[in-house]
Amino acid sequence: MAEPVVGRPHNRVDGPLKVSGRAAYGADHSYPRLVHGYAVTSTIAHGVIRAMDTSTAERSPGVIAVYTPFNAFTIHPVEGLRAPLQDTAVAHHGQIVALVVAESFEQARAAAFTVEVDYDERRPAVSLAEEEGNARPIPPVMGIPPVVTRLADGVPSITAALADSHITVSAAYTTAPQAHAAMEPYSAVVTWDDGRFTVHNGTQGVGLQVQTLAQALGVTTDDIHAVNPFVGGSFGGKYRPNAEVQLAAAAARALRRPVKVVLTREQSFTGTVIRSGTRQRVSLGAAADGTLTALSHRALAGAVADRESAELSAQRTSLAWYAVPNLEVRQTSVPLNTPDPTIMRAPGEASGSFALESAMDELAVALRMDPVRLRIKNNATVHPYSGLPFSGKHLVECYRLGAERFGWRRRGTRPRSRLDGEWYTGMGMATSVYPGFRNPATVKVGLRADGTALVSCDTADLGTGMWTVLPVVAAHSLGLPVRRVEPRLGDSELSPAGSVGGSCGVVTVGPAIMAAAHNAVAALLSLAVGEPSSPFHGLDPADLRYDSGRVSGPGRSMDFDDLLEAMGRSGVEALGTAAPGDESERYVFDSFGAQFVEVRVNRWTGEIRVSRALGVMDAGRIVNPKTARSQIVGGMIWGISAALHEGLHLDASGHLVNADLANYLIPVNADVPEVDVHFLDHPDTRFNPLGSRGIGELGIVGTAAAVANAVHNATGIRLRELPMTLEHVL
Ligand code: MOS
């Protein structure tokens, strides 16, 4: 047997291409006769466009067309997406209201600044706090209603359950709206040739891209070819084609020339999508020994006027995390004049865990109980909402191992008792949970006469490591070294593997790779006994064995490439499909983790620094520890960012005032300590044959609460608003 490949650390196979600039991202594509589109964005946050004067722009050098709501091509509405330039309504500051197309980017930009827009301006709704009175319950999401109440027999209401509890804590928490702020700006290059589109843009799934664009453009999916093997970060923001993609495609068809639209950094903030801010209240009741008796979680998030919020803070945490006999969650939203709220990494868990896990810490303090012990005491052994068992849950092991590894024992309980120079130090912790999603996928695996193998499907790599996971799982399944397997992805003509989102990539594609590898070997063996030129001709396929690239039969053994050559074949290939069955009727599939953070808070300035962070994660079998670690580290850094840095600021007129990477604070290296990640090793084959669970979003969940809890441990100050800034400490 060859060495196992899955579970060992592998460098990114696409790394050299990326660091040497040879990886072509969406906007890197070029075509003869390519023209450039530059977006004009609204200067108001709410209102109607009365008129536009484009005459100067139209006369400007190099300008080919100026599209506005008054003369634009038709883009059909797609559920849940904004169709650009189809009406005169302005719903947020920075909304794309015109597209100027010119021979060069500079010409388009120069002309765009001459477009005059006359608005009928209305008062914008920008503050979640001020709009709280207009909150409405969200419609059911994935079958879960907006208000869920579960009460023990004889308990009349959650209020009564809380009132009857030995001890209660109740507090309000807020989280800031966030921008996806991927390194790759929102952009698209689209060609239209004889009725067929070719689309290059950052996307989380070329298949969904094709389907969505087909609807928007009124064509069939056969008319669109999406090619995008590299994505410079997405985090939910590029899950579906935003305005720039729809506009580039519609303009390419109208002009019969390839069109490139690259949003500027500022337009990438204002003209696309965001994570909504939240306002939440969590009330916990407990017995004297820490056993939870009641949990109420109310959450409000911003939404698009005609759509629903994606940030389901209460539903995605409190319904699923702790064992509690009396439970109520209430999820509401309110339309705001902000860029369109959509999914962003752990949509709901990221913000909801801040409230729930801060409240758990407040309860631990009120009970004078160790926060780790409080969580172990209330660990849910069945899923609270569905009542189903978990496929595999080793959260208590995460808590125990994490506490040990972090030196939790050295944590003091008296605030302001540990001073290092002018810095108070403290430790905090929190739970991470993220649900396991999995989709059907079909993958192709080939064995080739040159001794290499091929693995391909239309999945996406957002920087997550999928480029490496494909050959790792294929090499593992075929008993070959990783370097002998060539991966292909990100092209809608490859076999369908669905979009990557909800941390479903590896668990969706991995089992299909295993199936395809199995089928490719079966096809090879069947050829080997059937082809007259094969040394194994005439044998029963059951007499043949494939192991580590070699085919063996009675008295004979040879490498698959020699066998293919002997048969005069260039290769053999097979598809393999894997899909979830009915296992979700029996189990709930969640990934779990425990996060530990140490902070230093300056006693004079209130400055908060994270000095250590640890995540212990229970996510099934880890395919590639190297890229998996990156996923968790990236998530935890984002959690630190949410805690201390990040937040979109809108002024009273609805202007997004920090729409660039200079003013939208994200952590730099000096803000980030050594981040320690440890994975438990409990393969979860109830979830899928590979035994893995999702890790893309798990790392961000809980981190912000762990930081806030550490700040409280250090200073005695409870911060309930993200980001936490120094004026709140003083
Ligand atoms: Mo991720 S926010 O599920 O694309």
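From a predicted model like this one, the values you see are computed outputs, not experimental measurements.

About the cut-offs
Residues numbered from 1 in each chain as written. Predicted model: local features only at pLDDT ≥ 70, side-chain atom pairs only at ≥ 80, totals over all residues. Core = buried A, V, L, I, M, F, W, Y, C linked by C-beta atoms within 7 Å. Buried ≥ 20, exposed ≤ 12 C-beta atoms within 10 Å, placed from the backbone. Helix = DSSP H or I, 4+ residues; strand = E, 2+ residues; numbered from the N terminus. Contact = placed C-beta atoms within 7 Å. Arc of directions from axis to C-beta. Pairing = 2+ DSSP bridges. UniProt positions renumbered as here; feature names shortened; annotations may be inferred. Domains from an automatic or database assignment.

A. A look at the nonpolar core. Counting residues in each nonpolar core, the largest one holds 224 residues, and the members touching the most others are Val100, Ala248, Ala474, Ile513 and Val707. Ranked by residue count, the leading element in this core is helix α13 (residues 505-530), at 14 residues. Residues within four places of Ile513 in sequence aside, it is in contact with Val443, Val445, Val455, Leu470, Val473, Ala474 and Ser477.

B. Seen up close, helix α3 (residues 105-112). Among all positions of α3, only Gln107, Ala108, Ala111 and Ala112 are buried. With its buried residues spanning 130 degrees around the axis, α3 presents them on a single face. The secondary structure elements touched by the buried residues of α3 are β1 (35-41), α2 (55-59), β3 (63-67) and β5 (96-102).

C. The arrangement of the sheet that holds strand β2 (residues 47-53) in detail. With respect to topology, 3 strands assemble into an open sheet ordered β4-β2-β6, the strand pairing being antiparallel. Strand pairing shows two members of the sheet lacking a second neighbour, β4 (89-90) and β6 (116-121), which therefore form its edges. Across 2 bridges, the pairing between β2 and β4 is antiparallel. Note that in β4 the partner of Val48 across the bridge is Ala89.

D. Structural view of the UniProt feature "domain: Aldehyde oxidase/xanthine dehydrogenase a/b hammerhead" (unreviewed entry) in the protein chain. In this structure's numbering, the residues bearing the UniProt feature "domain: Aldehyde oxidase/xanthine dehydrogenase a/b hammerhead" (unreviewed entry) are residues 20-123. Summarising residues 20-123: 12% helix, 33% strand, and an end-to-end C-alpha distance of 49 Å.

E. Quick peek at the domain arrangement of the protein chain. Considered domain by domain, the protein chain is made up of domain 1 (26-123 + 181-271), domain 2 (147-154 + 275-437 + 585-729) and domain 3 (439-579). Taking only C-alpha atoms into account, the centre of domain 2 sits 40 Å from that of domain 3. Listed as interface residues are 19 residues of domain 2 and, on the opposing side, 15 residues of domain 3. Ranked by residues supplied to the side of domain 2 that touches domain 3, first place goes to helix α15 (residues 625-644) with 3 residues.

F. Structural view of the pairing of strand β26 (residues 550-553). Note: strand β25 (residues 545-547) against β26, 3 bridges, orientation antiparallel. When the bridges of β26 are listed, Arg545 appears paired with Ser552. Here β25 folds back onto β26 in antiparallel fashion, the turn holding 2 residues, of which Ser548 has a positive phi close to 50 degrees. Direction of pairing for β26 relative to strand β27 (residues 556-559): antiparallel, over a ladder of 4 bridges. When the bridges of β27 are listed, Gly553 appears paired with Arg556. Taking the residues between adjacent antiparallel strands as the criterion, β26 and β27 are bridged by 2 residues, where Gly555 takes a positive phi near 75 degrees.

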